[in-house]
Structure formats: structure tokens, C-alpha cells
Amino acid sequence: MTNINSERNLTLLMDFYELTMAAGYFEEGYTEKTAVFDMFFRKVPDNGGFAIAAGLEQFCEVIDNLHFSEGDIEYLRSKGCFSERFLEYLRTFEFHCSIWAVREGTPIFPQEPIVIVQGPAIEAQLIETLLLVTFNHQSLIATKTNRIVRAAQGRPVMEFGSRRAQGYDAAVLGARAAYIAGVSGTACVMADRLYGIPALGTMAHSWVQMFPSEYDAFRHYAQLYPDNCTLLVDTYSVLKSGIPNAIRVFDEVLKPMGIRPKGVRIDSGDIAYLSKKARRMLDAAGYPDCGVCASNSLDEYLVRDLLQQGAQINSFGIGENMITSKSDPVFGGVYKLAAVYENGKYTPKIKVSETAEKTTIPHLKNLYRIYDNETGKAMADYITMADETVDVREGITLFDPAETWKKRTFTNVHAQQLNQPIYVNGKRVYETPSLDEIRAFCREQIDTLWDEVTRFENPHRYYVDLSQKLWDERQSLLNNIPR
């Protein structure tokens, strides 16, 4: 699989405070002090019921290539605030942390440790921004994309947003995240070149305008691409000229070749009305198998509404609303200290806030998902301390971490640990699956969610509970907050 980061060093992609804190740790003699950090998020975009984890492959690429070049060292020296001893430490920098993460394509929920980093505090601190920018972006686009894909009710959805993405990487990696979440292909050629995501496309309005007439434009296109002929029919008038000219070209160019047309695309106007009229015209002309593709600033709500209105659409091309997650463009993942290893044991750490969702969950942890053995459905997620074992053979009773009187016992279930080892003492132990394997895994895992969790409006809150031991540890810290 191609490494998009193979020819560039992203080690300095960090907030400056990460360097000043790392230098401070170094000067304080904390080079060997072990810390535990969690990456988690607090709110599902668009008030949805779940998010989708994505970006692990690119994060591994960056971690595999962590190093400070001589140019980096000279730049840092020019800042005038770092000692030569610290700069020498960076010059010979090696990564020693252990990392656990959930698999790409996994449905994830607020407050869960999606990535856990354990190792020297300096090293764990220096990768904060790299980790967050990677997971936040791709998880955001995957989450938004899957909403749109589900709204299409099995119809192919194509990612058409490269030109509206916030930069080059956002276009390419956004297409990657969208493919994980279910799009059938992308307009982005580089995403096909790098990741094998099928590159798809039709024509632009400029092609139609370039020729003396719409008919001429359609005829030349059909002659050039007879096996993949999809015509853009809204440059002038969908019903008065676009569809009639398309039918004429299908009759005069494709039919004599024995080739059936792929489709027509409508990119403006009242798509529900136009698609119905176009369908009737195509059917009457003998082309019931000619698809109708809709584009034009669609999102999951417009897609859903079009289908509810009986729009005759076979596929969708989605641009800016998908590639930017325009309706809710910030994923909001954070990276917080959870524990420090001192005197032979972990000392849990907590960040307290008057806002309950910003109060962190301390300690080195594991994350489990509880599945019903009969239905295969995910029932709840369960966060434990790392030294706990989870035995559900006789059932398991979980309670709400905030409203503790709310309890539920699950029987005939099994527990699966979600956080997998990615690095052990700085050495990668994780082999990245193929993109198609990640995509298939994502689809399978979403199928384990109840419909109540996946609905767009007012989804059921999925249970994310703490073990009794972890809850007690957290409460003890809250009751004894250092002042």
C-alpha cells in the first residue's frame, strides 16, 4: 500500500507548546518518566448516534518516520529557547512508546479511549498534534460520509469533493475516509493512484459549452467513451434539450455499436421533479436501464428527502458537504494525560471541569464491546482498568457512570477488546489491512448497531460504561482533587 508520507518528514507538525513542555520535561530529568495519554472525543458530529474511527494507517506512517533532521535542529536553535543538550536529545531521537488503538472502520462513541499512548512523557507529548490531526480529520469525513451513504438506501454514492476540500491532503485522505465509510468511488485521481479507490466521473458543463451545440458535445463524448457514456444534461435545459439530445445520441451512436448508455447526470434544478420526468422520457425511448445520477450540493437530509419524494435516482455524486463535513466540520478529538508511572505503579491523573463531559477518565485502560450472542448486535461498551479481566459467561451488569442507579444486566453475550496493540516499546506490531478490508470491516461493524443508534434525529444513546473498579478510582480522585 502506498505511503502518502514517504517523501516528507512531518515530525515538526506539532504545536509549539509540545516542544516547550518536552524541553521542560528534559531539563527536569523526566526523560524516562512514563506517562499514559488517551485520545478520545466528546461529541458525535451532527448530533449523530456514533462516529467512525479512521486514520490509523497514516498515523503509523508518520510514527515510523519520526526524526528531527539537521534542518529541524537548526530551526529550533534559532528560536533561542532550547538548550544544546535538549537539541542533541532531539537529534538522536528514538521512539519508545507503546500504542493501542481501535481498528479503522470501528464505530466509536464519546469518552472512549480511541488511541492510548504509553511511554516516556516527552515522546508521548511530542506526537499529540500529529495524532489528533490525523484521526480527527479522517474520522470526521468517514462519519459524515456514512450518514450520506445510509441515506442513499443502497444506491451508489460517489465522492465528488476534491476541489472543495481544505487542501491537498484533505482531498486525498478525505476520499480515503469516504471510501472506508461506503462511497463507491471518487473523482480524485490521486486517491485512485495511491489507494486504489475507483476514480469515477462524467463530464463538465464546459465540455458541453465548448461545442457548437449540446447535441455535438454529447455525440463526440459518446464516440470517445462509448463504454462509459454518462451525459450531463442540465447545461441548458434538462427536459427541453438535455434528455432529448441524450436520447438522440444513444440512438445514433451507441445503439449501432450494440452498447447501452450508462446514464445521465442532473446537477441543478428541482432534482425530484426532473428525475421523474427524465425517467419517463428515457423509458419511453427504450432505455429503462439508463441510470439517473444526481449531484448539486447534496447531503444526507436532501438525499433522504429526494427518495421520500419518489425521485427516480440511481446514484449520487456528493461534493462539498461530504469532503468538508460542512454541517459540523470539527470532530473534536482531544489528547489527555491519564496516568503517570511512579514508584513501581501507575498514579492515575484526572482533568476536572464544571462541564461533566470534559472531566476525563483516569488510568491505563482497556475498551471492550459487549455483543449479543443471538442477534450479533452491539449492546454496550465497557471501559476497564488495564489489569482487569472481563468474564461475561454468567452475564454482566453495567451501570451508567453519571446516573449510577440506571443498571442493566446482559446475558448470553460475549466481550471483544477493541483497543489493539499497534506499537510495543516503539516497534510496530500492527500490519495494516488493505483498504478494501477496512471498508468491509466498517460495513460489518455498522451492521451490528441497532437502528435506534443509527437514526439521524434523536438517536438512542449507546451505553458506554465504566467497570466498578475504574468508577471507584475516578470518584476517589474527584473527591480528593489537589488544590
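Please read all numbers here as calculations on a predicted model, not as lab measurements. (Residues numbered from 1 in each chain as written. Predicted model: local features only at pLDDT ≥ 70, side-chain atom pairs only at ≥ 80, totals over all residues. Heavy atoms only, no water.)

### Details of helix 12 (residues 271-284)
- An ideal rise of 1.5 Å per residue puts 20 Å on 14 residues; helix 12 measures up with 20 Å between its terminal C-alpha atoms.
- Of all the positions in helix 12, only Ile-271, Ala-272, Leu-274, Ser-275, Ala-278, Arg-279 and Leu-282 are classed as buried. Along helix 12, the residues classed as buried sweep out an arc of 160° about the axis, all on the same side. Opposite the buried face of helix 12, by more than 90 degrees, sit the exposed residues Arg-280 and Ala-284.
- On its buried face, helix 12 sits against helix 11 (238-257), strand 9 (263-266), strand 10 (291-294) and helix 13 (300-308).
- The positive-phi residue at the C-terminal boundary of helix 12 is Gly-286, with phi of around 95°. (Helix = DSSP H or I, 4+ residues; strand = E, 2+ residues; numbered from the N terminus. Expected span 1.5 Å × (residues − 1). Buried < 20%, exposed > 50% of the residue type's maximum accessible area, 1.4 Å probe, protein only. Arc of directions from axis to C-beta. Contact = heavy atoms within 4.5 Å.)

### So, the sheet that holds strand 5 (residues 115-120)
- One open sheet accounts for 7 strands, arranged 13-12-1-5-3-19-20; its pairing is antiparallel. Here the strands that pair on one side only, and so sit at the sheet edges, are strand 13 (345-348) and strand 20 (427-428).
- Taken together, the 4 bridges between strand 12 (residues 333-342) and strand 13 define a ladder with antiparallel strand orientation. When the bridges of strand 13 are listed, Ala-339 appears paired with Pro-348.
- Sheet strands touched by helix 2 (residues 56-64): strand 3 (98-101), strand 19 (420-424) and strand 20. Its angle to strand 19, the strand with the most contacts, is close to 15°. (Pairing = 2+ DSSP bridges. Axes fitted to C-alpha atoms, helices over the stretch in contact; angles between N-to-C directions.)

### Comments concerning the state of the cysteines
- According to the stated counting rule, one finds 0 disulfides in the structure shown.
- Left unpaired, Cys-229 is separated from the closest cysteine sulfur, that of Cys-290, by 8.3 Å.
- Cys-290 supplies the cysteine sulfur nearest to Cys-293, a cysteine that is in no disulfide, at a spacing of 11 Å.
- With relative accessibility at 7%, the residue Cys-293 sits in the buried group. (Disulfide = S-S within 2.5 Å.)

### Focus: the sheet that holds strand 9
- Spatial strand order, 7-6-11-10-9-8: 6 strands in an open sheet with parallel pairing. Only two strands of the sheet have a single partner each, and these edge strands are strand 7 (185-186) and strand 8 (230-232).
- Set on the sheet, helix 11 makes contact with strand 8 and strand 9; between it and strand 9 the angle comes to about 160°.

### Section: the packing of helix 6 (residues 128-151) against helix 7 (residues 168-180)
- Where helix 6 contacts helix 7, the axes come no closer than 8 Å and their chain directions differ by 50°. Comparing their axes, helix 7 and helix 6 come out oblique. Here helix 6 runs over helix 7; the crossing is right-handed. Contacts from His-137, Gln-138, Ile-141, Ala-142 and Thr-145 of helix 6 reach helix 7 at Asp-169, Ala-170, Leu-173, Gly-174, Arg-176, Ala-177 and Ala-178.
- Classifying every residue of the contact of helix 6 with helix 7 gives 6 nonpolar, 4 polar and 2 charged. (Parallel < 35°, antiparallel > 145°, perpendicular 65-115°, else oblique. Left-handed = near helix turned anticlockwise from the far one by under 90°. Nonpolar A, V, L, I, M, F, W, Y, C, P; charged D, E, K, R; others polar.)

Limitation: the analysis is restricted to geometry and does not speak to function.
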